[in-house]
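# Observations on chain architecture
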Amino acid sequence: MYRARHATETVLEALDWSPVVLIEGPRQAGKSVLARELVGPLRSAAYITLDDALTLASAQENPQDFIFGLPDPVIIDEVQRAPELFLPIKLSVDQDRRPGRFTLTGSADVLLLPRIADTLAGRMRIVRLMPFSQGEIDGVRGRFVETLFAEEPIAYFEASESRGDVAMRVARGGFPEAVALPPGPRAGWMRDYLTTLLERDVREVGSPSDSAALARLLRLLAARSGTVLNVSELSRVTGIARATTDRYLALFERTFAIRMVPAWAGDVGRRLVRSPKLLFIDSGLAANLVGFEAERLIGDPDTLGPLLETFVGAEIIKLLSVYDGQAELMHFRDGRGNEVDWVLEDGRGRLVGIEVKASSSPSNRDFKGLRAFADTVGSRFHRGVVLHTGTTAAPMGEGMWALPIEALWRLGAE
């Protein structure tokens, strides 16, 4: 049986008006299952995968004949393996603009691949599919982002999960196959996944020259997840040249291993730190790379804290991918050292700050960064939240709330 995905409705709507729909995201996030098993019964289409060696060779040898010889409509799986197909798809769509003709899946961000982004401009709808959100794992549809931007006060909320339960979720991550496995086999799956990422996926989009350096950098990125990016420091610690470090970071971003979260700049004249924050896209992979199992996370807040921030950041990205409104994820840090882990800005310019604490009982001190952020942005500040590992929600002054981590998928849940 397949778990329901919140992106299913988004894909179905896109197929109603766009000739090309691309479902992109990390390998093993469930893109093929979404296209074939969840959307397929409602939008019947032939299925072609470029993981098949002969099919891939045919697509690369004569891409135009390959595309024009396909059934219509069609699903093309792992399309990033043959980027030469995008131009023939454009030609085919220009001749026939009927919606729903091509459903593509890809394990690389096409908007970051050279020359591809503009090929299907105005012809293609992109749907981002990340690993399971916690709501998808539990079979609920939370309204965390909607609740944060609502005008009404946050309703009373009490969590049922302990700090240990949260640590287990952090170590498990969200990849569908990994979620289904117990901890021992899951660790083996993670190692195999990382091997595939380094030896296949990254090479397909960039041909790195030093596999050992690439693996060394990825491990360091997992340890630095949730911190402001310092490329010079990464280069110095790994011994990789600065230009090569920049190139490898771009490769990891293209294959959805990491994400660069921009700093909130706004329109104020104060000196703000503009460097992006590094976010590993799955806390389970990050925990595996740094060697932290759930038991260690439970007993050591110093190890749980950074991975908990990664877990929350990745969860927010998943929530935003199916959010009906418009909102962007950022972070805040000013020249005086005040920080807010994550910042959301909606289409109306309203701002919500989110701090993440491994403590189960946050205090007023934990709201220092949020209050500094509120003073900086003035009337645009809508709400500030400290997410913690306890079970109780409580108001902490005007516009400020302490909420359990579980609120991410249980607040306003259906």
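Just so you know, the residues in each chain are numbered from 1, in the order the chain's sequence is written. Reporting in this predicted model follows two pLDDT cut-offs: at least 70 for local features of residues, and 80 or more for side-chain atom pairs to be given and counted; totals over whole chains, interfaces and linings ignore these cut-offs and use all residues. Neither water nor hydrogens contribute to the side-chain values; these are computed over all heavy atoms in the structure.

## What to know about the packing of aromatic side chains
Put simply, the rule is: For this analysis, a ring pair means two rings from Phe, Tyr or Trp (six-membered ring only for Trp) whose centres lie within 6.5 Å, classed as stacked if their planes differ by under 30 degrees, edge-to-face if by over 60, and tilted for the remaining angles. Numbering goes from the N terminus for both helices and strands, where a helix is a DSSP run of H or I of at least four residues and a strand is a run of E of at least two. The cut-offs for exposure are 20% and 50% of the maximum accessible area for each residue type, with area from a 1.4 Å probe on protein chains only; residues under the lower value are buried, those over the upper are exposed, and the others partly exposed.
Within this structure, the stated rule accounts for seven aromatic pairs. Ring centres of Phe-175 and Trp-189 lie 5.7 Å apart, and the angle between their planes is 45°; on these two criteria the pair is classed as tilted. Note that Phe-175 is positioned in the loop between helix H8 (163–172) and helix H9 (176–179) and Trp-189 in helix H10 (residues 183–206), a separation of 14 residues in sequence. Its relative accessible area of 1% is what places Phe-175 among the buried residues. Ring geometry for Trp-264 against Phe-373: centres 5.7 Å apart, planes inclined by 90°, an arrangement best described as edge-to-face. Placement of Trp-264 in the loop between strand E6 (258–261) and strand E7 (277–280) and of Phe-373 in helix H17 (residues 368–377) is noted, with a sequence separation of 109 residues between them. The class of Trp-264 is buried, set by a relative accessible area of 2%. Chaining the aromatic ring pairs together yields one cluster made of Trp-264, Phe-332, Phe-373 and Phe-381.

## What about the sheet that holds strand E12 (residues 394–395)?
Note the cut-off: In short, DSSP must find at least two bridges between two strands for them to pair. A contact between two residues is defined here by any heavy atoms of the two lying within 4.5 Å. In this description, a line fitted to the C-alpha atoms serves as the axis of each element, helices being fitted only across the stretch in contact, and the angle between N-to-C directions of two axes falls anywhere from 0 to 180 degrees.
Ordered in space as E8-E9-E10-E11-E13-E12, the six strands form an open sheet in which the pairing is mixed. Both outer strands of the open sheet, strand E8 (327–333) and E12, are each paired with one neighbouring strand and no more. Across five bridges, strand E11 (residues 381–388) lies against strand E13 (residues 400–404) in parallel orientation. Along E13, the bridge assignment pairs Val-385 with Trp-401. The strands touched by helix H16 (residues 301–321) within the sheet are E8, strand E9 (339–346), strand E10 (351–356) and E11, with E9 carrying the most contacts at an inclination of about 5°. Taken strand by strand, H17 contacts E8, E9, E10, E11 and E13, and its axis lies near 170° from that of E11.

## Overview of the sheet that holds strand E1 (residues 20–24)
Taken in spatial order, the five strands make up an open sheet running E2-E3-E4-E1-E5, and their pairing is parallel. Among the strands making up the open sheet, the edge pair consists of strand E2 (46–49) and strand E5 (124–128). Pairs of neighbouring strands in the sheet enclose a mean axial angle of 20°, with direction left out of account. Pairing of strand E3 (residues 74–77) with strand E4 (residues 102–106) involves three bridges; the strand directions are parallel. Within E4, the position partnered with Val-74 by the bridge is Phe-102. Of the strands in this sheet, E1, E4 and E5 are in contact with helix H5 (residues 86–95), which crosses E4 at around 160°.

## Observations concerning the packing of helix H11 (residues 211–224) against helix H14 (residues 283–290)
Helix packing for two helices is described by the angle between their axes and how far apart those axes are. Defined as follows: An angle below 35 degrees is read as roughly parallel, one above 145 as roughly antiparallel, one from 65 to 115 as roughly perpendicular, and any other as oblique. In this scheme the handedness of a crossing depends on how the near helix is turned from the far one: anticlockwise by less than a right angle means left-handed, clockwise means right-handed. Asp, Glu, Lys and Arg are counted as charged, while Ala, Val, Leu, Ile, Met, Phe, Trp, Tyr, Cys and Pro are counted as nonpolar; the rest, among them Gly, fall into the polar class.
H14 packs onto H11 with a crossing angle of 115° between their chain directions and a minimal axis gap of 8 Å. When the axis of H11 is compared with that of H14, the two are roughly perpendicular. Seen along the crossing, H11 lies across H14 with a hand that is left-handed. Each of Leu-218, Arg-219, Ala-222 and Ala-223 in H11 lies in contact with H14, whose residues at this interface are Ala-286, Leu-289 and Val-290. Split by residue class, the contact of H11 with H14 holds six nonpolar, no polar and one charged.

## What about the side chain of His-6?
This is how the line gets drawn: Counting of polar contacts relies on pairs of N or O atoms within 3.5 Å, with two restrictions inside protein: one atom must be capable of donating a hydrogen and the other of accepting it, and residues adjacent in sequence are counted only when both atoms are side-chain atoms.
For His-6, the position within the fold is in the segment before helix H1 (8–15). Note on His-6: relative accessible area 16%, which makes it buried. A polar contact of 3.4 Å, which involves the side chain of His-6, links it to the backbone oxygen of Val-140. Setting aside chain neighbours within four positions, we find His-6 in contact with Ser-133, Gly-135, Glu-136, Val-140, Arg-141 and Val-322.

## So, the pairing of E3
Cut-off, in case you're wondering: The path from the first strand over the helix to the second decides the hand: if it runs clockwise while the strands point away from the viewer, the crossover is right-handed.
Neither face of E3 is open: one carries Val-74 and Ile-76, the other Ile-75 and Asp-77, and all of them are buried. Note that E2 and E3 share four bridges and pair parallel. Residue pairing across strands places Tyr-47 opposite Ile-75, the latter belonging to E3. Following the backbone out of E3, through H5 and into the adjacent parallel E4, one traces a crossover that is right-handed.

## Topic: the layout of surface pockets
Using the following cut-off: Within this scheme a cavity is a closed region of a 1 Å grid, computed over the protein atoms alone, that accommodates a 1.4 Å probe without allowing it to escape, whereas a pocket is open but has protein on both sides within 12 Å along at least five of seven lines; lining residues each have an atom within 4 Å of a point. Grid points are joined across faces, edges and corners, and a volume is the space filled by probe spheres set on the points.
Its volume calculated, the largest pocket comes out at about 520 Å³. As for the largest pocket, its lining consists of 21 residues, and the residues nearest its centre are Arg-128, Arg-259, Ile-317, Leu-320 and Ser-321. Of all the secondary structure elements, the ones that give two or more residues to the lining of the largest pocket are E5, E6, H16 and E8. Residues that form the lining of the largest pocket fall into these classes: eleven nonpolar, four polar and six charged. Of the pockets and cavities examined, the second largest pocket occupies roughly 380 Å³. Every residue lining the second largest pocket is counted, 18 residues in all, and those nearest its centre are Gln-28, Ala-29, Gly-30, Val-33 and Pro-176. Those elements giving two or more residues to the lining of the second largest pocket turn out to be helix H2 (31–38) and H9. Residue classes in the lining of the second largest pocket are distributed as seven nonpolar, three polar and eight charged.

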